[in-house]
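# Coordinates in review
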Amino acid sequence: MRFEVLGPLRAVDASGSVVPVGRRQHEVVLACLLAAGGRTVTDGILREALWGHDANESKQVALRVLVHHLRRNLGTGSITRTAGGYRIMLDGHQLDADEFVTLVDAAARDEARGRLAEAREGYRAALRLWRTTDAYQGTADTDQVRGAADHLGEQRLGAYERCVDIELSLGLHRELCAELSAVASANTLRERLQAQLMLALVRSDRRAEALTVYERTRRILADELGADPGIRLQQLYTAILRGPAQAVTPTAAPVTVRPAQLPAPPSNFVGRHDELAALDAVNAEPGSGQRLAGSVVVTGSGGMGKTALVTQWAHQHRQSFPDGQLYLDLDNDVPVSVTLARALVDLGIAPDDVPRQAEARAARLRSLLSGRAVLMVLDNVGSAQQARPFIPGSGGSLLVIISRNRLDGLVAREGTHLLVLAPLPVEPATRLLRATAGMTGPPTDDIRTLVELCHGMPLAIRIVGAHLRLGTSPGVLVGALHDERTRLARLTTTDGDVNVPAVIAVSYRRLAASERQLLRRLGLLDAHAVPPGAAAALCGITSATVLTDLIGRLAAANLVAVDAADRLSLHQLTHLFAREQGQRDDTAADQASAERQALRWYAQAADAAQQHIRPTVGRAGRDTAPEPRPLFLPDLADTAAAVAWVDAEADTIIAMIAQFGGTHPDLVWPLAANIRGWLQRRAPRGTWITVTEQGIRAAALAGSSIGEATLYASLGVAHSLLLQRVEARAAYLRASTLFEQNGDDAGRADVEASLGAMLADGGALDEALPPLLRARQLAAGLDDPDLLFKVELNLGYLHRRADRQQEALDAYTSALAAAERSDDRDWLSASAHVNLGRLRFLLGDVDLADHHYDTAVRLARSRGDRMLEAWALHGCSDVAAARRDIPAAIAALHEAVTILERLGDRRLDEMRARLAELLSDTSGPAPRAT
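Residues numbered from 1 in each chain as written. Predicted model: local features only at pLDDT ≥ 70, side-chain atom pairs only at ≥ 80, totals over all residues. Heavy atoms only, no water.

## Brief notes about empty space enclosed by the protein
- One pass over the full model with this rule turns up 1 cavity of 30 Å³ or more.
- For the largest cavity, the calculated volume is near 100 Å³.
- A breakdown of the residues in the lining of the largest cavity according to their chemical character gives 7 nonpolar, 2 polar and 2 charged. (1 Å grid on protein atoms, 1.4 Å probe; cavity = no way out; pocket = protein on both sides within 12 Å on 5 of 7 lines; lining within 4 Å. Points joined across faces, edges and corners; volume = space filled by probe spheres on them. Nonpolar A, V, L, I, M, F, W, Y, C, P; charged D, E, K, R; others polar.)

See the structure below:
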């Protein structure tokens, strides 16, 4: 079977008879398959070609029927089904377009070897295959088929022009006049054809007609393009006017062109001093005159001011590039070959002298640049492949590439410099806003708030400035931008011409479906940064390779940033865009499922950390959400690693507890419980209370009384440490009641011990003893060393407050013995040593007190407990002061105060006063022990 597309589509059998393809729909399907050149054409493309943009999957059955009929009509099995579509295999068949290309290539080889007669015959044989001037005539209604038809049409005209050049050189000008006149009239904008016709006419003694062709071409170019004829055509016109016919040749003298195409520099440009200096460094010229590198990539997310930076710098350095400045915008995925041709023409190459192949055009460009100092700016570059052909090979030219993508391939292979634009800092961002708005005077609070809400994005700042210049009050804009639901919508100019959502959407649309999903899912969490494991959970990814690849592509597109710990973060405006896009593209059920997967991941990770930080509290919610171990959980080898992990993730976890307490309470309360150890050791007390109260509300919504009890016990401790005894007592009593209702003796013993310690601390010594004795009885029955430790430690405190020092020493000694049997030995021992240190100090045994306090500091630091460390340091300060080592006393107490200023503690004011006393008198009598 022979398929012919150089004209109306048809199929011809071995006998030369035309085989009916079928109705027009069959022809459309066959045209799409042939135009794809053996590649798969997806079902969606075929449905759209047949039924337009409204075609849906309901048309799939009709498509299958059409393909079945097409196979039967053609009597061939060459049309095969592949994943998601169809393709046609031409093995054993012929395609006239392939035959045409083969003949043209052979003729071009003959021409290059000087075999002009053979080349002419080859070109003519190729041209005779065309039955009309249009390929796929009548079926080129789709983008794919139209593109193939246009490409073949361009090849046909190129072959014809090369054939005519040969025939003119062979003296066949008279034979060509009629044919060439018809072809040139049908292609009035192809100057090469017009020049060939003029040459054929003048050599046939038809000089006036040749001049008429030139005038006609000049008018058409002026009317349709606003351009003059090219150098070659002008020189041929002049030669016809001046010389004899046989002396006229279509040559063009080289022309030196110095383009100056840079866009206007941005108004109100501010800041970016480091970035401008980085471009200066790339442009620096060593002694040889060769620049440090031939190219630099300026990258950053949309709206970050990349083009503004480059044009500002380029205008400042125009004198460094006396041979011109090119600005080439590759937006809308302009083919590289087209942009290369434009660059060559802009640098003075006649259009007819531009090589046909992209590789040859790139080589010609490098040759031109080797002897010149030209600045080329490529804007909106989408890939390294687009930019690579423009990199200068040598000489004093410089290529500046502006791209939303990082183009790491250029950095790795060509050594291209990389400059990544970050958001503007507050001070230059404020100056930019005020300059754009035309404001004078110091910035107001509203202006500072607007700058903050633009998150350092220059485009957003300029849009807000435009609104202010047009009369919108700062207060109104603050109100609109404060609401995250309307912030992106207000970051748009009144005419809609410039807007932040559209800029971000450009990058979003270029992503693959899996990349878009990950970006949308990251928008679900109120988190500044997300670890890779949580990102995997959001999308249900179970392969580290897949996850790494997705993150890499998003990072390359500057849509996510990846820190040294591989945590992902989004620019705040990109985060809002991702969230809004998710609300449009994902179902509520899909979003809820992703949220729950992320919560489960964080709960298991926090539980793993809790086992190192405070293993005595057990694992909250282990029966609530029994899930298999997810991938990518953090590797927490010890307490230090666990504390560091929670330190990094605490803001995210706390935000998730606040965000999802009402929607996923069954997963939120265990998360709140599983960071109690970190909250107690590392967090400000107010944060501890807020998070725990949110967890209690979630547990109540989830119907988990054990969750409420666990979190009320934690809340009581937090209030106790702030001397908020009324609130603490209420929390303890509520926890004790709930534990008793659930038959949880361990939980009840823990709460009773805490309640007793709080009452003793408040001076209610007689009232404190009963709950402590009840706790001792429960703990003894359970033989739980952790509970025994807590009870004995608190009893020791009660005895010390009651001035029963021996009983206190016995209790503390029992607590230390219980700690030795605990899984959390070091932390419990640190607490015991702090209390033993205080007791020994009060008894006047400074050396033993020093031993206990030093031991407590060491153990507290090993467990990452900043609060316990501060208390132990306070004791070390007292010991040093008692020994009259005032500098050591000041140093230890200063460190303790520094720790507690962040965390908050009931003893902070007392420690500050003591520190002031030490600082004010460093030479008086030895300070009194406290």
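## With respect to the nonpolar core
- Within the largest apolar cluster, 174 residues are counted, with the highest numbers of intra-cluster contacts made by Leu450, Val464, Val500, Leu522, Leu573, Tyr602 and Trp645.
- With 71 residues, the next largest nonpolar core counts Val41, Leu74, Tyr123 and Ala195 among its residues. (Core = buried A, V, L, I, M, F, W, Y, C linked by side-chain atoms within 4.5 Å. Buried < 20%, exposed > 50% of the residue type's maximum accessible area, 1.4 Å probe, protein only.)

## Some points on the environment of Leu599
- Inspection of the secondary structure assignment puts Leu599 in helix 27 (residues 588-613).
- Put simply, Leu599 and Arg146 are 453 residues apart on the chain and 51 Å apart in space, counted from C-alpha to C-alpha.
- Not counting the four nearest positions on each side in its chain, Leu599 is found in contact with Met656, Phe660, His664, Leu667, Val668 and Leu671. (Helix = DSSP H or I, 4+ residues; strand = E, 2+ residues; numbered from the N terminus. Contact = heavy atoms within 4.5 Å.)

## Points about the pairing of strand 11 (residues 398-403)
- With 6 of its 6 residues buried, strand 11 lies for the most part within the structure.
- Burial along strand 11 is two-sided: Leu398, Val400 and Ile402 facing one way and Leu399, Ile401 and Ser403 facing the other are all buried.
- The pairing of strand 8 (residues 295-299) with strand 11 spans 5 bridges and is classified as parallel. The residue of strand 11 that forms the bridge with Thr299 is Ser403.
- Note: strand 10 (residues 375-379) against strand 11, 4 bridges, orientation parallel. By the bridge assignment, Val377 is partnered in strand 11 with Val400. (Pairing = 2+ DSSP bridges.)

## Concerning the confidence of the model for the protein
- Mean pLDDT for the protein: 86, with 94% of residues reaching 70 or above.
- The low-confidence segment residues 251-255 (pLDDT under 50) makes 9 contacts with residues lying over four places distant or belonging to another chain.
- Across residues 286-293 the pLDDT falls below 50, and counting only partners more than four positions away or on other chains, this stretch makes 21 contacts in the model. (pLDDT = per-residue confidence, 0-100.)

## Some remarks on the sheet that holds strand 6 (residues 85-88)
- Strand order in this open sheet of 3 strands is 4-6-5, and the pairing throughout is antiparallel. Sheet topology places strand 4 (41-42) and strand 5 (79-82) at the edges, where each strand pairs with a single neighbour.
- Strand direction decides the pairing type here: strand 4 and strand 6, joined by 2 bridges, are antiparallel. What sits directly across from Val41, in strand 6, is Tyr86.

## So, helix 24 (residues 532-539)
- Counted residue by residue, helix 24 has 7 buried out of 8 residues, so it is predominantly covered.
- Among the residues of helix 24, Gly533, Ala534, Ala535, Ala536, Ala537, Leu538 and Cys539 are the ones counted as buried.
- Those residues of helix 24 that are buried are in contact with helix 23 (513-522), helix 25 (544-556), strand 14 (568-569) and helix 27.

## Observations concerning the sheet that holds strand 1 (residues 2-4)
- One open sheet holds the 4 strands; their spatial order is 3-2-1-7, and the pairing between them is mixed. Two strands in the sheet have a free side with no partner beyond their single neighbour: strand 3 (18-19) and strand 7 (94-95).
- Across 2 bridges, strand 2 (residues 10-12) lies against strand 3 in antiparallel orientation. Its bridge partner being in strand 3, Val12 is matched across the sheet by Val18.

## Here's the deal with the packing of aromatic side chains
- A complete count under the given rule lists 5 aromatic pairs for this structure.
- One aromatic cluster is present, formed by Trp601, Tyr602 and Trp645 through successive ring pairs.
- Across the ring face of Tyr86, the terminal group of Arg81 is positioned such that the distance to the ring centre comes to 4.6 Å. (Phe/Tyr/Trp six-rings, centres within 6.5 Å; stacked < 30°, edge-to-face > 60°. Lys NZ or Arg CZ within 6 Å of the ring centre and 35° of its normal.)

## A short note on the environment of Ala730
- Tracing the backbone through its elements, the reader meets Ala730 in helix 33 (residues 725-741).
- For the pair Ala730 and His719, spaced 11 residues apart in sequence, the C-alpha separation works out to 10.0 Å.

## Let's talk about unusual backbone geometry
- Positive phi, close to 70°, is recorded for Asp566, a residue that is not glycine.
- Tracing the backbone through its elements, the reader meets Asp566 in the loop between strand 13 (561-562) and strand 14.
- Exposure remark for Asp566: the relative accessible area of 46% places this residue in the partly exposed category.
- For Leu723, which is not glycine, the phi dihedral falls at a positive 60°.
- For Leu723, the position within the fold is in the loop between helix 32 (705-721) and helix 33.

## Observations concerning the pairing of strand 10
- Along strand 10, 5 of the 5 residues are buried, which leaves the element largely enclosed by surrounding structure.
- Here strand 9 (residues 325-329) pairs with strand 10 via 5 bridges, running parallel. When the sheet's bridge partners are listed, Asp329 is paired in strand 10 with Asp379.

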